[in-house]
Amino acid sequence: MNYITPLSLIIGYFFIFSLGLVVTIHIIRNRKDYGTQFMGLLNAVTVFSLGVIHATFYILSVDFFISEQINILLWKFSILTWFISLIITSVLFSFFREYKKIKSFPFLFYTLFLGLLIGALLTPDSITLSLSISLPSSITFIDPSLINYYFNFITGAITILFQILIISHYLYIAIIINIRSKKKEETLPVILNAIIFSMPITLNIFYVLFQYTLFKELFIRELFIIILWIAFFGVSIMIVKKPEMFFVLPNRIYSINIYHKSGILIYSYNFENQTEFKTESTIWGNILIGLNHILSEFLDKKDKINVIQTKEADVVVKYEEDSGYALIVITNRKNSIVEDLMNNFSTEFKRKYKNELNEILDINRIINVSEFSDLKDLIEKNFQLYL
Amino acid sequence: MIASLFISFFVIIFVFSTVYVLLNRRKYEVEVGFLIILIIYFINEITYFISFNLSAENFFNVSLTLIIWYISIITRHLSVGMFTIIHNFELNKDSRVRFLPVLIYIFIGGISLSLLIVPDSFTVIQKDFEYFYLFNNIELLTSIILFNFCIVLFSWIIQIKGYHKFADKKLGKFYSIFMLLFSLNIFLYSLYLITLDIYFKLLHSIVYLIGIGYAVFIIIKKPNLFVVFTNKIYDLIIFHKSGILLYSFNFQTREEVDESLLKGSILIGISHILANLSNLEAQVTHIKMKDRAVVFNFNTQLGYAALLIAKHSNKILEKSIDNFMNEFSTINKDSLKNLTGLIDVSTFKNAKGLINQYFRHFFTEK
């Protein structure tokens, strides 16, 4: 029996398994670097399911023979974890486009396909095992080329259709981001990611599609796992090295303005080259005060404006009533990342300018806005990822 | 015989309600997308009930009735699922996990659909003049029962938790009664699938027809049900560029608000906004607050603006305010153009008629 292939796979598996564990722990420990805790968690789950769970089920089902039923069960679990990993990756891709704004339509289909797959896998003969050697009596380390799994028509069709949908979705998101982005070079990692991830998925489609033909002799299944693990390695490195790419791409901040409760603009910072949104900073304070005055007459006075939605941007407001100012961030889309950054910035701002803010709490005092002119550093520190 | 009786009753109810809705279509205001979903839902509902009853009739051969039985199971899943998704989604609008029940239904529905394809899932038994379908595939039966269980469980949790969100409390009560009938119907259907007892089948069909009849009653009694489910309008405020409040209406008290009762803060607010009106007009679409949404609409030609304060903003509301503004501009064109000197805002009291015309669905019962 040829031991080179199974040994290589085992070595590859241990490497990917360890990498998966290390990266998962790294992400969990540094989850704040990924914009929000949720984003960090999603990344960790993706890495863990692909690098640890899927890889384990895969290697156990193709590199070892335990018994026909157990091997089929392990193979079924590897398909299931593959589906789940692809769905989670798809959620991540959707966040590239717009954070926490997932288009429900593809995910309803994914859920349906996941249900269909589980239903199909529950049926007998959905997967059959073919062994090219005589049935071993005990647990055996085996050459993967000697062990083959065949999908019945329904399971095969579900697997192929699902993966086609996933590839289309990845590529669609990457193209949309590229078309809409003004900085095309920034979208390159997403396009590259989509292409890299599409390769193993395509190979898996080929494996299921050509399972009864001579093409299976081309070791498509082994090629699939090798390409997948290479892609996984690359993506893991990127996740560790460039966590910010997960939230900078879909987000733009156009400007940050701080208004005194009297409506006076204390400080305004326009992000470099952000010409998409050109409204004068001075007007938002007036508009906000005006609207809140009117609305306070009709509504509970505690309920204030959180967001003013415009055709091109969201004007996100954070009130600091105790310190007598409002922080306004003009962004393309309000989300928890922006809100978190606003909270952090506001806390530091209050701490740094405690005395100045206390002085102007009295509305009749003259406001010397030049006292806040060195706010630039604080803004650049807190919002550096958007610079 | 019994099947034809049930189907006849169903057809009578359906034809009556369709004719009624078509004749009174002006009372009903539904978004096009939602209308399409409703049509698909009703097609599934009709197909289910007819196929469920026909599948038992022995004047068809076994293979044909089996196909009809399969159709009844698939359309049952679709109709029950669609109704529950609409109901859950609307009442659960503000929840962070509003999609979760939908995903669970689709997931279990997918499992059932997949298991349904397995050959020999049923054994057809003929008793007297009827066919019965015994489940050979226990996983399929389990998935169908689980689907029904989740539908009832989540719907009740959402109905109870979201009851206070019903803008029209009477509509909320109607829905609760309907949910009782709906749950009973699902319960009897599940019992029939497990026991194959004809009495459960008859009871299921009777409760189903009562449910459909009750739904028709709600549609006739509450034509606003598609608009106000959980949405509410609080106030409509119209002000002129000179800073004068032209008209204000409170939807909760259903009364005009006397401008003398409004504090100076409104005027301060108006002047703040008007100073920037030209900048704002092309840009602001919505204003969001914690528990409210504000629709802002301007007419710079005639120099006035309207603020509509509601629970949620949606297309029906935006369309209503657009129509209202167009009509308001037409009938008050001269008054608005000549608004100088001593201004008599009583001229704009005609806005009340327009509110009755364009926002009548939002006059809800407490």
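*Asks:* Explain the packing of aromatic side chains to me, and be specific about the residues and the numbers.
*Replies:* Enumeration according to the criterion identifies 54 aromatic pairs over all chains in this entry. For the pair A:Y13 and A:F17, a centre-to-centre distance of 5.6 Å together with 50 degrees between the ring planes defines the contact as tilted. Linking A:Y13 with A:F17, this pair stays in helix α1 (residues 4-29), spanning 4 residues, or about one helical turn. The class for A:F17 is partly exposed, based on a relative accessible area of 24%. Sitting above the plane of the B:F52 ring, B:K201 keeps its charged end 5.7 Å from the centroid.

*Asks:* Pulling in residues and values, what's your account of the pattern of salt bridges?
*Replies:* Residues and elements named next belong to chain A. Summed over the entire model, instances satisfying the criterion amount to 5 salt bridges over all chains. The shortest N-O distance in the salt bridge between K318 and E320 comes to 3.4 Å. Residues K376 and E380 are paired through a salt bridge, measuring 3.9 Å at the closest nitrogen-oxygen approach. Of this pair, K376 and E380 both sit in helix α12 (residues 375-382), 4 residues apart, roughly one helical turn. Linked by salt bridges that have partners in common, K318, E320 and K350 make up one network.

*Asks:* Give me the side chain of A:R221: which residues, what numbers.
*Replies:* Residue and element names in this part refer to chain A. Positionally, R221 belongs in helix α7 (residues 220-241). Among the polar contacts made by the side chain of R221, one reaches the side chain of E222 at a distance of 3.0 Å. Setting aside residues up to four positions removed in sequence, R221 forms contacts with Y58, V62, W75, P144, I147, N148, Y149 and Y207.

*Asks:* Tell me about the nonpolar core, and please be specific about residues and values.
*Replies:* Grouped together as the largest cluster of nonpolar side chains are 73 residues, with contacts concentrated most on A:W75, A:Y149 and A:W229. It is helix α3 (residues 68-97) of chain A that provides the largest number of residues to this core, a total of 14 residues. Residues within four places of A:Y149 in sequence aside, it is in contact with A:S61, A:V62, A:N71, A:I72, A:W75, A:I127, A:T128, A:L129, A:Y207, A:Q211 and A:R221. By size, the runner-up hydrophobic cluster in this structure holds 29 residues, among which are B:I233, B:F249, B:L339 and B:F362.

*Asks:* Now, about helix α2 (residues 37-63) of chain A: what can you tell me, with residues and values included?
*Replies:* Since the α-helix advances by 3.6 residues per turn, residues separated by three or four positions end up pointing in the same direction. Its 27 residues give α2(A) an end-to-end C-alpha distance of 37 Å, which sits within 8% of 39 Å, the value for a rise of 1.5 Å per residue. Along α2(A), the helix axis deviates most sharply at A:S49, where the bend reaches about 35 degrees.

Criteria and thresholds
- Per chain, residues are indexed from 1 in the order of the written sequence.
- Chains carry letters from A onward and ligands carry numbers from 1 onward, assigned in written order.
- Whole-chain, interface and lining totals are the exception, using all residues; otherwise, since this is a predicted model, local features are given only for residues with pLDDT of at least 70 and side-chain atom pairs are given and counted only at 80 or more.
- Where side-chain values are given, they derive from all heavy atoms of the structure, hydrogens and water being excluded.
- Two rings from Phe, Tyr or Trp (for Trp, the six-membered ring) form a pair when their centres sit within 6.5 Å of each other. Planes less than 30 degrees apart are called stacked, planes more than 60 degrees apart edge-to-face, and all others tilted.
- Only DSSP runs of H or I covering at least 4 residues are called helices, and only runs of E covering at least 2 are called strands; the numbering of each starts at the N terminus.
- Partly exposed residues are those whose accessible area sits between 20% and 50% of the maximum for their type, while under 20% is buried and over 50% is exposed, using a 1.4 Å probe and protein chains only.
- Ring-over charges, as used throughout, are those where CZ of Arg or NZ of Lys falls within 6 Å of the ring centre and within 35 degrees of the ring normal.
- What makes a salt bridge here is a side-chain nitrogen of Lys or Arg within 4 Å of a carboxyl oxygen of Asp or Glu, nothing more.
- By the criterion applied in these results, polar contacts are pairs of N or O atoms within 3.5 Å in which, for protein atoms, one can donate a hydrogen and the other can accept it, and in which residues neighboring in sequence qualify only through two side-chain atoms.
- Pairs of residues are marked as contacts when any of their non-hydrogen atoms sit within 4.5 Å.
- The criterion is simple. A nonpolar core is a set of buried Ala, Val, Leu, Ile, Met, Phe, Trp, Tyr and Cys residues joined through side-chain atoms within 4.5 Å.
- In a helix, the anticipated span is given by 1.5 Å times the number of residues less one.
- By definition, a residue's bend is the angle between the axes fitted to the seven residues ending there and the seven starting there.

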